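If you want the building blocks of each chain, they are given just below.
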Amino acid sequence: MTTNELLWVTSRATGVVSLVLLTAVLTLGVALSGSRSGSASARATVTAVHRWLGLGIGTFVVAHVVTVIVETWVDIGWLSLVLPFTSGYERLWVGLGTLVLDVLVDVVVTSALRHRIPERAWRLVHLTGYALWPVAVIHGIALGTSTTPLLRWASIGCALLGGAAIAWRLLVPHHDARQRATAAAGVWS
Amino acid sequence: MSVARTLPLADLLDEAGLTGRGGGAFPTGAKLRAARSSHAELVVNACDGEPGSLKDAWVVREHLAELVHGAGLLADGAPVRFAAHRGSATLAGLRAAGLPTLEVPPRYVSSQESALVSLAAGGLARPMTARVPIVFGGRDGSGRAVTPTLVVNAETTWRVAQVSQRGPAWFRSHGTPDEPGPRLVTLTGHVPRPGVLDTAAGIALADLLAAGGLERDHDRPVIAGGLAGGLLTPGETQRARWSTAGLSPFGACIGAGTIEALDPRTCPLEQVAARVHGAAGESAGSAVRACSACRRWPATSTRCSRAPARASSRRCTTGWAAARPRGVPLPRRGRGARPLGAAGLRQSSGSARRRRVSVVSAQPGAHVVHLAVDRVACTGHGVCAALLDGWVLDPEGYPVVLDDRASPAAAATVERMCPARAIYPRAPRSR
């Protein structure tokens, strides 16, 4: 296996792992925000896994991006690292990946600095995670081409799991939604 | 001639020993000094927020000129507003006098200090969690700047004018050494002559009730101190003195100065429950959590939960008294408003050994951080209870703080781990 081959294969592998991790982080986050069931220690564990896994994605994303730029089979330049829709290879689908990377950096950085920035700013940026994830899935399905169907099926599996999590979150009201509605319906000013 | 010319007002108030008459009993001099340092605006709270209280209305009706004078002394040129409930005679009276008013919706929590500050800034009249005292401003739970505001109860403001005009010695000639000065009491409920009396701490509760027309052999249970207070049997009202020391053996307190006689024909605990339900209904949602931060409720509710079992029958009017050795302090938490035994507390799972973070005991010299919950921001994830000993969850999943001490490392971990970012360190309780 040549170095170039190795880079290409690594890029594929880290790409799919990134998507799987991202989906896991999304699902855990959705579960945290939408549910109050389970023991306190289970919830603490889920919180911790959501956070550290979210940070850990970075390693795989960096490997995924750097290897695909360095290898020479496809034309993706360093500019595509930050500027979407600038690659020669699959301009649209790679551009979506760049978008995901940009937003992901925002989400991770604001979360790391959460204790230093206003809560509302953090929340606003964090909610863009809901937009980031589907774009990542489309990027994964579109570019997850290979002789083995594993890559594409992994992407489709992620789509199903994450989609189910988001649908659940939209359908299930907040645990004290009724109380909030009652309170909000009162005269407060 | 005004005594205030010789001493700064805050020192004068310290010397007099004036404390907040709205129920908080915080030293007014210290609060004023803080207000001066942060250039705080002034809001005079004439809402009579405690259910049944009429004393702020009385001050506005009977002593408006002195009230305005006191407000001027406290404000010292800063903007002043007088807060009163919408539709109240107090609001009309303040308006008729041409004073700048703050129209407050007539809800239980809306006249709370931080709710008034939120309303004054154009927000909703709902409590914010003041992570620093509201007199310093700081930021609310969502990071918005809070206008530094000195919120002073109307009676307190009136007393400031009195201290300034008559001097601290006159002030201290009333009341007890611990609780000096004249203070207003509202007699309400099932008394022949309800109303407001200008009295002082230390007076026999029976004398106060007699002034309201209840003879010595009356049969009325009495709530002293409103929702923060406690319930006394008719017999106990004969023995108690109206002061913190005199009422605490019965689980009651002076609070905002209300004394409510209950209907002797129905179970007093049902009447108490009705009041708690009423306050909860007016609050609901996140707002009530802000007022439910009563550190002692797990203990008090154990007592409460025993008593109603014997007194649930409508015929029973004395059983509740025999069932409990001491007064029944009202559980000061609105939501749910059902008696909760200690067994009702859901213990966080896992033994103390398995927990990663534990409270350090307060050894001499050990560095200890006191943690608090932003009750508005808290969304009931329960992570704090999993990490800290001394923190448990109530049946609805919100934390009850039994011990607020933590090591600095534990405090930092919990602050960061809270998904709602609702845990924060605060200055230890000084009193």
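Residues numbered from 1 in each chain as written. Chains lettered and ligands numbered in written order. Predicted model: local features only at pLDDT ≥ 70, side-chain atom pairs only at ≥ 80, totals over all residues. Heavy atoms only, no water.

1. A few points about the nonpolar core
Alright, step 1. Membership of the largest hydrophobic core comes to 35 residues, with the highest contact counts inside it found for Leu-13, Leu-42, Leu-74 and Leu-150 of chain B.
Alright, step 2. No other element matches helix H1 (residues 9–16) of chain B, which puts 5 residues into this core.
Alright, step 3. Sequence-distant contacts of Leu-74 of chain B, that is, excluding residues within four places in its chain, are made with Leu-9, Leu-13, Leu-32, Arg-36, Leu-42, Val-152, Thr-157 and Val-160 of chain B.
Alright, step 4. One finds Leu-19, Val-25, Ile-69 and Leu-143 of chain A within the second-largest nonpolar core, a separate group that totals 27 residues. (Core = buried A, V, L, I, M, F, W, Y, C linked by side-chain atoms within 4.5 Å. Buried < 20%, exposed > 50% of the residue type's maximum accessible area, 1.4 Å probe, protein only. Helix = DSSP H or I, 4+ residues; strand = E, 2+ residues; numbered from the N terminus. Contact = heavy atoms within 4.5 Å.)

2. Some thoughts on the packing of aromatic side chains
Alright, step 1. Across all of its chains, the model carries 3 aromatic pairs over all chains by this definition.
Alright, step 2. Ring geometry for Trp-58 of chain B against Trp-158 of chain B: centres 5.7 Å apart, planes inclined by 70 degrees, an arrangement best described as edge-to-face. Of this pair, Trp-58 of chain B sits in helix H3 (residues 55–62) while Trp-158 of chain B sits in helix H7 (residues 154–166), and the two are 100 residues apart along the sequence. Like Trp-158 of chain B, Trp-58 of chain B is buried.
Alright, step 3. Directly above the aromatic system of Trp-188 of chain A lies the positively charged group of Arg-126 of chain B, at a separation of 4.8 Å from the ring centroid.
Alright, step 4. The ring of Trp-170 of chain B carries Arg-166 of chain B above its face, with NZ or CZ at 4.7 Å from the centroid. (Phe/Tyr/Trp six-rings, centres within 6.5 Å; stacked < 30°, edge-to-face > 60°. Lys NZ or Arg CZ within 6 Å of the ring centre and 35° of its normal.)

3. Thoughts on the confidence of the model for chain B
Residue and element names in this part refer to chain B.
Alright, step 1. Taken over all residues, the pLDDT of chain B has a mean of 80, while the share at 70 or more is 77%.
Alright, step 2. Here residues 285–364 is a poorly scored stretch, pLDDT under 50, and it has 170 contacts once near neighbours within four places are set aside; other chains count.
Alright, step 3. For this predicted complex, the interface score ipTM comes out at 0.85, while the overall pTM is 0.72. (pLDDT = per-residue confidence, 0-100.)

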